[in-house]
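Observations on the three-dimensional arrangement
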Amino acid sequence: MKAPELLLPAGGLERMRAAFDYGADAVYAGTPRYSLRARNNEFAHLPVLEQGISEAHARGKKFFLASNILPHNAKLKTYLADMEPIIAMQPDALIMADPGLIMKVREKWPEIPVHLSVQANTTNAWGVQFWQSIGIERIILSRELSINEIAEIRQQCPDIELEVFVHGALCIAYSGRCLLSGYFNHRDPNQGTCTNACRWDYKVHNTSDSDSGDAQLLRDFDFKHAQSLADENLLGPNEQQRHPLANKVYLIEEANRPGDMMPIMEDEHGTYIMNSKDLRAVEQVAKLAEIGVDSLKVEGRTKSVYYVARAAQVYRRAIDDAVAGKPFDYSLLAELEGLANRGYTTGFLERHQTQEYQNYLSGHSLSKQSQYVGKVTDIDADGWATIEVKNKFSVGDQLEIIHPSGNRIIRLEQMTRKGYPIEVAAGNGFKVKIPQMQGKDKALIARIMMQNEAV
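These figures come from a predicted structure and were not determined experimentally.

With five of five residues buried, strand S2 (residues 26–30) lies mostly within the body of the structure. Residues Ala26, Tyr28 and Gly30 line one face of S2 and the alternating positions Val27 and Ala29 line the opposite face, and both faces are buried. Pairing geometry for strand S1 (residues 5–9) and S2, over three bridges, is parallel. Of the residues in S2, the one forming a bridge with leucine 8 is valine 27. Taking the sense of rotation as the criterion, the β-α-β connection linking S1, helix H1 (residues 13–21) and S2 turns out right-handed. With five bridges joining them, S2 and strand S3 (residues 62–66) adopt parallel strand pairing. Its bridge partner being in S3, glycine 30 is matched across the sheet by alanine 66.

This is the structure:
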């Protein structure tokens, strides 16, 4: 079995280095004007981008540049001139979605590989073959595909690279082509400025003065019977078993906009403002490798160093275990629970019941099992490490020391600040020291959470 490439996001040099330190084979980043990475992006500065590409190549790694915007005419006028110095830096490929931009890049720089972005929504073998016919070297397949569909495409298109998302945020729109942020905030997701409006905290309001009968209608409606009829195709076109309240208009109110009521409606497909769970396909890594997927991609364009490092470490182990023929290590699931997430799903890779696709009950970010609390910035000759604190931790806590050389769990026995013993590292902005950290330079620190402990 060939090991697929592990591809991690990099919004800056620190995150890029963490990705490589913890096992990534390649990273992807973008310049804000021509990618969907307009926020928290250090690579907006060309000297930083050049340094990133140079460092990646010096380590024998790859650096892919996202140029996957769906541009309006105004950006066509500057595109080729702005890309000239970037192409000279020799990124390993451009990630692109727009046919016009692809055409111009292929004409002007035929030597640079082009990877087709997930934004192009490639869902079938003929689509793959079309893009291959015009010189595309890799297809990043649509997130809406199942493992079986990916396998069919691999069989019918054996001589082109295929890339699949395995972890990170899932957009509720078709592979990210969403308009919510554009309507609500005049910030276009397809121009790189998404405000994640689908993930805001909404309250639902009834438009009628009284909803006294609604609860009884909900109790009386036989959802399982309706679903079984639909599954067996026993309903005519005008006989769909709809929710008893589907014809009513409701209003949603976003937490930061009190009094600003926006109408929503429901039809037989449901409502259109949802909060998607995050993708976690670490259990499917072995199957995807067996199919022959060339690259496994983690999403996280604005995530922290901790997120990048932890995800890289976990998926590196999953890939290595799969190639070695080892059974899946279920402890990897718990390690990913420590990352900020909105609940996990395997998305469309494996088919589930509808209620498991989306996260209705727990809309706020979750951090279970462990919490990122700091990073090592320096270690003195006696093994005392200076910790830049990110979240509160205390003497007596169990801490996980996360390092490329291997992780270990310790019970924190002592801690100092400015030379004096302290019991609690109060939170972000503090610097403290902890002992016995020899060889753990640049380590990340997580606090092991007690069961049912609130973050």
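Still to come is the rest of the account.
A few words now on unusual backbone geometry. Positive phi values are uncommon outside glycine, yet glutamine 90 reaches one of about 65 degrees. For glutamine 90, the position within the fold is in the loop between helix H3 (73–88) and strand S4 (93–96). For glutamine 90, a relative accessible area of 57% gives the class exposed. A positive phi angle is found at lysine 418, which is not glycine, with a value near 55 degrees. Residue position: lysine 418 is located in the loop between strand S19 (416–417) and strand S20 (420–421). Residue classification places lysine 418 among the exposed positions, given a relative accessible area of 70%.

Quick look at the environment of glutamate 423 now. Turning to its location among the elements, glutamate 423 is positioned in the loop between S20 and strand S21 (424–425). Considered as a pair, glutamate 423 and phenylalanine 393 are 30 residues apart in the sequence and their alpha carbons are 8.8 Å apart. In contact with glutamate 423, other than residues within four places in its own chain, are Phe393, Ser394, Val395 and Met415.

Right, let's get into the pattern of salt bridges. One pass over the structure, following the stated rule, counts 19 salt bridges. One salt bridge in this structure joins arginine 280 and glutamate 337, with 3.3 Å as the shortest N-O distance. Of this pair, arginine 280 sits in strand S11 (residues 278–280) while glutamate 337 is found in helix H12 (residues 331–337), placing the two residues 57 residues apart along the sequence. Each of the two residues, arginine 280 as well as glutamate 337, counts as buried. When the shortest N-O distance is used, the salt bridge between arginine 310 and glutamate 335 registers 4.0 Å. Of the two residues, arginine 310 is situated in helix H11 (residues 305–323) and glutamate 335 in helix H12; the sequence distance between them amounts to 25 residues. Accessibility expressed as a relative area gives 1% for arginine 310, which makes it buried. Residue glutamate 335 is classed as buried on the basis of its relative accessible area of 13%. Where salt bridges share partners, they join Glu5, Arg138, Glu161, Glu163 and Lys297 into one cluster.

About the criteria used
- Residues numbered from 1 in each chain as written.
- Predicted model: local features only at pLDDT ≥ 70, side-chain atom pairs only at ≥ 80, totals over all residues.
- Heavy atoms only, no water.
- Buried < 20%, exposed > 50% of the residue type's maximum accessible area, 1.4 Å probe, protein only.
- Helix = DSSP H or I, 4+ residues; strand = E, 2+ residues; numbered from the N terminus.
- Pairing = 2+ DSSP bridges.
- Right-handed = clockwise from strand over helix to strand, strands pointing away.
- Contact = heavy atoms within 4.5 Å.
- Salt bridge = Lys/Arg side-chain N within 4 Å of Asp/Glu carboxyl O.

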